[in-house]
Amino acid sequence: MEPPTEMSEGHLVDPPIVDSLIGDDSRREWSVIFIPEDSVSSREKEQVVIPFDSADGHRVQLRMQRLKELLDMDIERVFHVGDGDYSFHARSGKVIALADPHGRIDLSMKAYVELADIAMTAQIAFLAVAPTAH
Amino acid sequence: MAEDEYRKIADGQVLKKLGSGLEIVRRKKHEWTPELGSLSGEPLRRITDKIHGSKFLPQWNLVFYVQWIEEQLTLLGWDRHTGPGSHTIDLADPVGYSNGKAVRRITIVLSSRVVHAYPVES
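Report follows, based on the coordinates. Small disclaimer: the values here were computed from a predicted structure and weren't measured. (Residues numbered from 1 in each chain as written. Chains lettered and ligands numbered in written order. Predicted model: local features only at pLDDT ≥ 70, side-chain atom pairs only at ≥ 80, totals over all residues.)

Brief notes about the overall build of chain B
The criterion, for reference: Secondary structure elements are defined from DSSP: runs of H or I of at least 4 residues count as helices, runs of E of at least 2 residues count as strands, and each element is numbered from the N terminus. The quantity called the radius of gyration is restricted to C-alpha atoms. Its globule counterpart is 2.2 Å times the number of residues to the power 0.38. Put simply, a residue is buried when 20 or more other C-beta atoms lie within 10 Å of its own C-beta and exposed when 12 or fewer do; between those, it is partly exposed, and each C-beta is set from the backbone.
When helices and strands are counted, chain B shows three helices and eight strands. Reading the secondary structure of chain B in the N-to-C direction produces α-β-β-α-β-α-β-β-β-β-β. Its C-alpha atoms give chain B a radius of gyration of 14 Å, within 12% of the compact-globule value 14 Å for 122 residues. With respect to the three principal axes, the spread of C-alpha positions in chain B is 45 × 30 × 25 Å. The buried share of chain B, taken over its 122 residues, is 35%.

What follows is the structure, given as structure tokens:
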């Protein structure tokens, strides 16, 4: 898949960006590390836990389900590789890199839309529990 | 495991599963690449910003990275029962670059039993 077109300052993506996303079935929560907007935090990464059984959790679940269908894999973990690149990891051990130059641009763009929404959901959840962070 | 063996492991995959139940994963965006050695000023700032990821110095190869994190996790007492969190450590010598600046500080992050570390500004 090709990465999206460049955004501000030559970056392919802008914060908030998912740094890592892990669905923890035993704890029934999404464990999300994200790269925050500068207006939210000056730190490189922030972290938030989103319970499966919460409104935000359902939203992340919906986005992850769409990603699973888009990539046709049972995604267990997502990692940001840098700039516009992501890697998706299945329970089977299969790995798909979003920036691999062998796919369809429309598929890649759709995946970025889902990831951007998850990142924004995480950032808002973070602000809700850390209102002084910014 | 030798450095060459670690280098075969894909980004995001497990470098070492510890007896504590925690997993140290590879995060290539924080690794040194040879091209970084010729950069300075704005190009170095940009390639070590938070979108591209801060970078460890070359001496922080994967063997050293894994060993250092494992030692820190033992000191912290983190295991599979530890909830998500982070810990920041100041070292005497530079460890890498963040936003173009040489830094001596490292943050270790634990997220659902998965651990990685990266250089941060003081």
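Considering the interface of chain A and chain B
Which entries qualify depends on this criterion: Any residue pair is listed as a contact if its two C-beta atoms, each placed from the backbone, are within 7 Å. Under the scheme applied here, ten amino acids are nonpolar (Ala, Val, Leu, Ile, Met, Phe, Trp, Tyr, Cys and Pro), four are charged (Asp, Glu, Lys and Arg), and all others, including Gly, are polar.
Taken together, the contact between chain A and chain B spans 22 residues of the former and 21 residues of the latter. Elements with a contribution of two residues or more to the side of chain A that touches chain B: β1 (17-24), β2 (29-35), β3 (46-51), β4 (75-82) and β5 (85-90) of chain A. Broken down by element, the residue count for the side of chain A that touches chain B peaks at five residues, all from β4 of chain A. Partitioning the side of chain A that touches chain B into residue classes produces nine nonpolar, eight polar and five charged.

Notes on helix α3 (residues 62-76) of chain B
All names here are of chain B. Using the following cut-off: Each helix should span, by expectation, one fewer than its residue count multiplied by 1.5 Å.
The end-to-end C-alpha separation of α3 is 21 Å, in line with the 21 Å expected for 15 residues at 1.5 Å each. Those residues of α3 hidden inside the fold are in contact with α1 (3-7), β1 (14-17), β2 (23-25), β3 (55-56), β7 (105-111) and β8 (114-120). Where α3 terminates, the next one or two residues include G77, which has phi positive at roughly 75 degrees.

Examining the nonpolar core
The criterion, for reference: We define the nonpolar core as any set of buried residues of the types Ala, Val, Leu, Ile, Met, Phe, Trp, Tyr and Cys, connected via C-beta atoms lying within 7 Å of each other.
With 49 residues, the main nonpolar core has V18, V32, F34, I50 and A122 of chain A together with V115 of chain B as its most contacted residues. Here this core takes seven residues from helix α2 (residues 105-129) of chain A, the largest share from any one element. Excluding anything up to four places from it in sequence, I50 of chain A contacts E29, W30, V32, D56, G57, V60, A122 and A125 of chain A.

A short note on the sheet that holds β2 of chain A
Either a parallel or an antiparallel arrangement is found when strands of a sheet pair, and the pairing is made through backbone hydrogen bonds. Residue and element names in this part refer to chain A. Condition: In this scheme, strands are said to pair when DSSP sees at least two bridges between them. Axis definition: a line fitted to C-alpha atoms, limited for helices to the stretch in contact. Angles are taken between N-to-C directions and run from 0 to 180 degrees.
The strand order β3-β2-β1-β4-β5-β6 describes an open sheet built from six strands, whose pairing is antiparallel. Of all the strands in the sheet, just β3 and β6 (95-97) have a single pairing partner and so form its edges. When the angles between neighbouring strand axes are averaged without regard to direction, this sheet yields 20 degrees. As paired elements, β2 and β3 share six bridges and run antiparallel to each other. In the sheet register, F34 faces β3, and the bridge partner there is E46. Running at roughly 95 degrees to β3, α2 makes contact with β1, β2, β3 and β5 of the sheet.

Overview of the environment of V40 of chain A
Relative to the helices and strands, V40 of chain A is located in the loop between β2 and β3. Each C-alpha atom, one on V40 of chain A and one on L127 of chain A, is 7.7 Å from the other, the two residues being 87 residues apart in sequence.

A few points about the pairing of β2 of chain A
Residues and elements named next belong to chain A. Along β2, seven of the seven residues are buried, which leaves the element largely enclosed by surrounding structure. Burial of β2 is two-sided: the residues E29, S31, I33 and I35 facing one way and the residues W30, V32 and F34 facing the other way are all buried. Here β1 runs beside β2; their pairing, made up of seven bridges, is antiparallel. Each bridged residue has a counterpart across the sheet, and for D24 the counterpart in β2 is E29. Linking β1 back to β2 in an antiparallel pair, the connection comprises four residues, with R28 at a positive phi of about 50 degrees.

Topic: the pairing of β1 of chain B
Residues and elements named next belong to chain B. When β1 meets β2, the two strands line up antiparallel, connected through three bridges. Across the sheet, V14 pairs through a bridge with V25, a residue of β2. Joining the antiparallel neighbours β1 and β2 is a turn of five residues, in which G21 adopts a positive phi near 95 degrees.

Geometry only, nothing functional implied.
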